[in-house]
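Breakdown of the fold
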Amino acid sequence: MKVYDLQKALKIPEKVTELYLHNRGISTFPKAIFSLQNLKKLDLSLNNLNIIPSDITRLCALESLVLSGNKITTLPDKLSNLDQLTRLELKDNALSNIPRVVFELKKLRSLGMANTKIEKLEVEIGKLTNLENLDLSGNTISRLPKSIGNLTSLKNLFLQKNRLSALPNTLFQCHQLLVLDASFNRLKQLDEQFGNLVKLETLDLRRNRLEALPESIGFCKFLRTLNVSFNKISSLPLRICKLKHLRILDFSKNRITKLPADIGNCHAL
């Protein structure tokens, strides 16, 4: 049962499976929540929380924990006892790094760390092999560890508005990737292994420093949206003409003087 009021939830604790208390001005974690033993989803976003108590592990059925938009700087070590957790949202907090306890949440499928002042992505990120969605946007990350290639279940990766100058070759082992947003970074080139992302549907690389795209991008045969605007690209790769599903192609604000002769083969454009 989905509930939006804590007092109401406490009257029927055994029935409550989802509790949404976002934007309530809460500054201290309500301990009464711990009596909701069947709780699977808890949303405490847009409040004034700065401490998450260790007792949160009493919510042993919890699958989704949304703490975005608070004042959290750390997480309790015992959080790893929430072994059913598949979603953790921490965006718009002041963490400065991903708390190490997060890397112990083996069932995690979605991790939101946008705008959390992260400077470095730890190598332990590679432990989260079940991750499907990873949002690291709006931070100051300058490089990705090679262990990012261990995230072979990854479908959506958001890296926009960081300080990346390159993508590790291991990233191209993430063959399930559907969406890659690395816009507003400092990328200068892409490796030819980029074409290994054969399931990619959306690629956003605008506002980088790219001078060319790899020919192998033509192997991303399911690509529907490609944005490389505001770069330094002088010509498009010939293989781009093999992207039969491409619907949106934005290469504005570059140095391109002519199009490939077979660009008309992109019938969906």
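So, a few notes on the structure that sits alongside this text.

Calculation criteria
Residues numbered from 1 in each chain as written. Predicted model: local features only at pLDDT ≥ 70, side-chain atom pairs only at ≥ 80, totals over all residues. Heavy atoms only, no water. Helix = DSSP H or I, 4+ residues; strand = E, 2+ residues; numbered from the N terminus. Buried < 20%, exposed > 50% of the residue type's maximum accessible area, 1.4 Å probe, protein only. Contact = heavy atoms within 4.5 Å. Areas by Shrake-Rupley, 256 points an atom, 1.4 Å probe, with all protein chains shown as cover. Pairing = 2+ DSSP bridges. Polar contact = N/O pair within 3.5 Å; in protein donor to acceptor, adjacent residues only side chain to side chain. Salt bridge = Lys/Arg side-chain N within 4 Å of Asp/Glu carboxyl O. Phe/Tyr/Trp six-rings, centres within 6.5 Å; stacked < 30°, edge-to-face > 60°. Patch = residues over 30% accessible without salt bridge, like charges linked within 9 Å, V, L, I, M, F, W, Y side chains within 5 Å. Lys, Arg positive; Asp, Glu negative; His and termini not counted. Charge placed at Lys NZ, Arg CZ, Asp CG, Glu CD.

Helix and strand counts for the protein come out as 1 helix and 12 strands. Along its sequence from the N terminus, the protein presents helices and strands in the succession β-α-β-β-β-β-β-β-β-β-β-β-β. Relative to its full complement of 269 residues, the protein shows a buried share of 49%. For the protein, long-range pairs separated by at least 24 residues make up 21% of all intrachain contacts whose partners lie at least 6 apart in sequence. Accessible surface, the protein as shown: approximately 12,900 Å² in total, 46% of it carbon and sulfur.

Pairing is parallel across the open sheet formed by 12 strands, whose spatial order is 1-2-3-4-5-6-7-8-9-10-11-12. Each edge of the open sheet carries a strand with a single partner, namely strand 1 (2–3) and strand 12 (248–250). Across 3 bridges, the pairing between strand 7 (residues 133–135) and strand 8 (residues 156–158) is parallel. Each residue of the ladder has a partner; that of Asn133, found in strand 8, is Asn156.

So, about the side chain of Asn162. Take Asn162: it is sitting in the loop between strand 8 and strand 9 (179–181). Within polar-contact distance, the side chain of Asn162 engages the backbone oxygen of Leu159 at 2.9 Å. With near-sequence residues (within four places) excluded, Asn162 lies in contact with Leu136, Ser137, Gly138, Asn139, Thr140, Ile141, Phe184 and Asn185.

Turning next to unusual backbone geometry. Phi is positive for Asp92, which is not a glycine, with a value near 60°. Residue placement: Asp92 occurs in the loop between strand 5 (87–89) and strand 6 (110–112). For Asp92, a relative accessible area of 37% corresponds to the partly exposed category.

Now for the pattern of salt bridges. Going through the model one piece at a time under the given rule, you end up with 5 salt bridges. Measuring nitrogen to oxygen at the nearest pair gives 2.8 Å for the salt bridge that ties Arg100 to Glu124. Here Arg100 is found in the loop between strand 5 and strand 6, whereas its partner Glu124 is found in the loop between strand 6 and strand 7, with 24 residues between them in sequence. Between Glu104 and Lys127 there is a salt bridge, and its shortest N-O distance comes to 3.4 Å. Taken as a pair, Glu104 in the loop between strand 5 and strand 6 and Lys127 in the loop between strand 6 and strand 7 lie far apart in primary sequence, 23 residues in all. Because the salt bridges share partners, they merge into one network encompassing Arg100, Glu122 and Glu124.

Turning our attention to the packing of aromatic side chains. One pass over the structure, following the stated rule, counts 3 aromatic pairs. The interplanar angle of 25° and the centroid separation of 5.3 Å between the aromatic rings of Tyr4 and Tyr20 together place this pair among those described as stacked. Of this pair, Tyr4 sits in the loop between strand 1 and helix 1 (6–11) while Tyr20 sits in strand 2 (residues 18–20); the two residues are 16 residues apart in sequence, bridging distant segments of the chain. On the accessibility criterion, Tyr4 (43% relative accessible area) is partly exposed.

Moving on: a positive patch on the surface. Together, Arg163, Arg186, Lys188, Arg209, Lys232 and Arg255 make up a positively charged patch on the protein surface. Of note, Arg163 is situated in the loop between strand 8 and strand 9.

What follows is about the environment of Gly69. Take Gly69: it is sitting in the loop between strand 4 (64–66) and strand 5. Residues Gly69 and Asn48, 21 residues apart in the sequence, show an inter-C-alpha distance of 7.9 Å. Not counting chain neighbours up to four residues away, the residues in contact with Gly69 comprise Leu46, Asn47, Lys91, Asp92 and Asn93.

With that settled, consider the environment of Phe184. Secondary-structure assignment places Phe184 in the loop between strand 9 and strand 10 (202–204). Measuring from C-alpha to C-alpha, the distance between Phe184 and Arg163 comes to 8.1 Å, with 21 residues separating the pair along the chain. Ignoring any residue separated from it by four or fewer positions in sequence, one finds Phe184 in contact with Lys161, Asn162, Arg206, Arg207 and Asn208.

The next subject is the environment of Leu223. Among the structural elements, Leu223 can be located in the loop between strand 10 and strand 11 (225–227). By relative accessible area, Leu223 is classed as buried at 0%. Taking the C-alpha atoms as reference points, Leu223 and Ile248, 25 residues apart in sequence, are found 9.3 Å from one another. Beyond its immediate stretch of four places on either side in the chain, Leu223 contacts Leu200, Glu201, Thr202, Leu203, Ile217, Leu243, His245 and Leu246.

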